[in-house]
Amino acid sequence: MSDRTEEPLSTQQDDLQRRYALQESLNQESSPRELVILRARRLLYPSHQSINPKNYHARAEYILKTTPLIDGHNDLPHLIQVELYGKITDGTFNFNDRLLGHTDIQRMRKGQMGGQFWSVFVECAAMENINDPTWVVRDTLEQIDIARRFISEYPDVFEYCGDANCARAAFKKGRIASMIGIEGGHQVGNSLGALRQMYNLGARYVTTTHNCDNAFGTAASTVAAGGEDKGLTKFGHDYVAEMNRLGMIIDLSHVSHQTMRDVLSISRAPVIFSHSGAYSVQKHLRHVPDDVLRSMKRNGGIVMATFVTRFLNMKNPEGATIHDVVDHIFHIAEIAGWECVGVGSDFSGTPAVPIGLEDVSKYPDLVALLLERGATDEQARLFAGENLLRVWSKIEIAGNIIRGKGEKVNEAVWGERLETWPIGFPNSPFMYRKSHERTTGVKSTPHYFNVYAKEGVHKPDTPRN
């Protein structure tokens, strides 16, 4: 335990306030608006001197009353799709009930949650080629629809938010800010156009890969299976550029270590890991190595600690506990700083959870353990939600700056798609001569509906042409 916890809580917080005020005055990169928010929060929520410094749960509960705890990853929309066929209004589903699994309103309120990124997740399809047609994009669109309808169905509890300011405002109104993330670049069909449309529908982050390579980059699962870590693809560079231009959050959980490094070397905005841990603590390829953590500090992004037991304890997943999660959090903070750490549980997605973090009601226990292990109240606030909101705001600002400079939509197309690109009909009213030339020898023509021209009627046995 740190010696700082032996001091009176008010002394700790007064010292922290002085040091943070000095840092703010020297930080030329912070916007005036961010400084105003931080100073206003300290005025609104001064040190609660009546709390015994050794009463870690009381301190945690007070922190979560005044700072939104925002989890980076919960797969509930996927469960609604596969269990209920996407139906939430036929009388079967009531989120106010105590449900099986990890998530419901009762336990979210008990866990003092201030926000949630709801993950829309569709498994990588079994296919021989990345460009093979699948139903993944359709299923992703349906889950976005499920998430938006689910959020709207409980307006006194949830509020959809498309920006960080909304998340802060929702918390002040007593609602749980609800955002949408897409768990895999394969879910946008390897298309920047589809990516933009999903942003327009409300998605605010994309996990660059899931457990399969795609047109953007290499997945950690590929390397774990003995495959080559090729990192980010050429088209992946266009993906990063367009995500930055949109002001959309790039999520690097699930990607290979080289893909992490490649993205961080070119991104013009902070990035996140929505549900990962520290590779030095447990050498699972889904975690973030120390060199990448140092790059995250320079990037200004955030690593959100996950609760997936098989990532926390590779030898004995059933023995994983809340202490393992805290070990990852402290290591991330040690290497990258407390400004670069958050929480991304993977509740309602991971089949097994750590002892002590059984469901969404347990977040106060996690914050209390951070405090008991030596984190200050201010560091706990950063972890809970302040870091994520700051990072998200900076990503939005970066997008505004890029678009403000006149950067156009990235119209790049993945090279392999050109092999199967539609070319039209030989008798299409093309705009350019070269389009006619491409259809030379093509026999496909528009459908003539089996019209028998001599009589001017439909005849089923009449050839299409």
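Cut-offs and rules
- Residues numbered from 1 in each chain as written.
- Predicted model: local features only at pLDDT ≥ 70, side-chain atom pairs only at ≥ 80, totals over all residues.
- Heavy atoms only, no water.
- pLDDT = per-residue confidence, 0-100.
- Contact = heavy atoms within 4.5 Å.
- Helix = DSSP H or I, 4+ residues; strand = E, 2+ residues; numbered from the N terminus.
- Polar contact = N/O pair within 3.5 Å; in protein donor to acceptor, adjacent residues only side chain to side chain.
- Core = buried A, V, L, I, M, F, W, Y, C linked by side-chain atoms within 4.5 Å.
- Buried < 20%, exposed > 50% of the residue type's maximum accessible area, 1.4 Å probe, protein only.
- Salt bridge = Lys/Arg side-chain N within 4 Å of Asp/Glu carboxyl O.
- Disulfide = S-S within 2.5 Å.
- Axes fitted to C-alpha atoms, helices over the stretch in contact; angles between N-to-C directions.
- Nonpolar A, V, L, I, M, F, W, Y, C, P; charged D, E, K, R; others polar.
- Phe/Tyr/Trp six-rings, centres within 6.5 Å; stacked < 30°, edge-to-face > 60°.
- Lys NZ or Arg CZ within 6 Å of the ring centre and 35° of its normal.

> Provide a residue-level description of the confidence of the model for the protein chain, including the pertinent values.
Confidence along the protein chain averages 90 in pLDDT terms, with 88% of residues attaining 70 or more. Below a pLDDT of 50 lies the segment residues 1–30, which in the model reaches 44 contacts outside its immediate sequence neighbourhood of four places, other chains included.

> Explain the side chain of T321 residue by residue, including any values.
Structurally, the position occupied by T321 is in the loop between helix 13 (309–312) and helix 14 (322–336). Here H323 takes part through its backbone nitrogen, which lies 3.1 Å from a polar atom of the side chain of T321.

> Outline the nonpolar core, supporting the account with residue identities and numerical values.
F150, F158 and L366 are the most contacted members of the largest nonpolar core, which has 89 residues in total. With eight residues, the single largest contributor to this core is helix 14. The residues touching F150, leaving out its near neighbours within four places in the chain, are L76, I80, I88, F93, F95, W118 and F158. Judged by nonpolar contacts, the second largest core, of 21 residues, contains F117, C161, C166 and L389.

> How would you sum up the pattern of salt bridges? Please name residues and give values.
Summed over all chains, the structure comprises 14 salt bridges. Between E242 and R196 there is a salt bridge, and its shortest N-O distance comes to 3.0 Å. Of this pair, E242 sits in helix 10 (residues 234–246) while R196 is found in helix 8 (residues 192–200), placing the two residues 46 residues apart along the sequence. According to the relative accessible area criterion, E242 is buried, its value standing at 0%. Each of D104, R107 and D359 takes part in a single network of salt bridges with overlapping partners.

> Go over the state of the cysteines, please, and point to the residues and values.
Inspection of the entire model under this criterion finds two disulfides. The disulfide partner of C124 is C212, and the S-S distance across this bridge is 2.1 Å. Torsion about the S-S bond of the C124 and C212 cystine: about -75 degrees, corresponding to left-handed handedness. Taken as a pair, C124 in the loop between strand 2 (113–120) and helix 6 (136–153) and C212 in the loop between strand 5 (203–207) and helix 9 (220–224) lie far apart in primary sequence, 88 residues in all. Residue class for C212 comes out buried when judged on its relative accessible area of 17%.

> How would you sum up the packing of helix 7 (residues 164–172) against helix 16 (residues 377–404)? Please name residues and give values.
Put simply, helix 7 and helix 16 touch, their axes get as near as 8 Å, and they point 145 degrees apart. Facing A164, A167 and R168 of helix 7, the residues of helix 16 in contact are E386, L389, W392, S393 and E396. The residue inventory of the contact of helix 7 with helix 16, partitioned by class, reads four nonpolar, one polar and three charged.

> Tell me about the packing of aromatic side chains, and please be specific about residues and values.
Within a pair of aromatic rings, the relevant descriptors are the distance that separates the centres and the angle that separates the planes. Under the definition given, this model contains 18 aromatic pairs. Between F93 and F150 the ring centres are 6.3 Å apart and the planes differ by 65 degrees, which places this aromatic pair in the edge-to-face class. Here F150 lies in helix 6 and F93 lies in the loop between helix 4 (76–84) and helix 5 (105–110), a separation of 57 residues in the sequence. For the pair formed by F93 and F150, the shared burial category is buried. Ring geometry for W118 versus F150: centroids 5.3 Å apart, planes at 90 degrees, classification edge-to-face. Taken as a pair, W118 in strand 2 and F150 in helix 6 lie far apart in primary sequence, 32 residues in all. F150 carries the same exposure label as W118, and that label is buried. The structure contains a cluster of three or more aromatic residues connected by ring pairs, namely F93, F95, W118, F150, Y154 and F158. Here the guanidinium or amino end of R148 rests over the ring plane of Y160, the centre of that ring lying 3.8 Å away. A cation sits over an aromatic face here: R204 above Y199, 3.9 Å from the ring centre.

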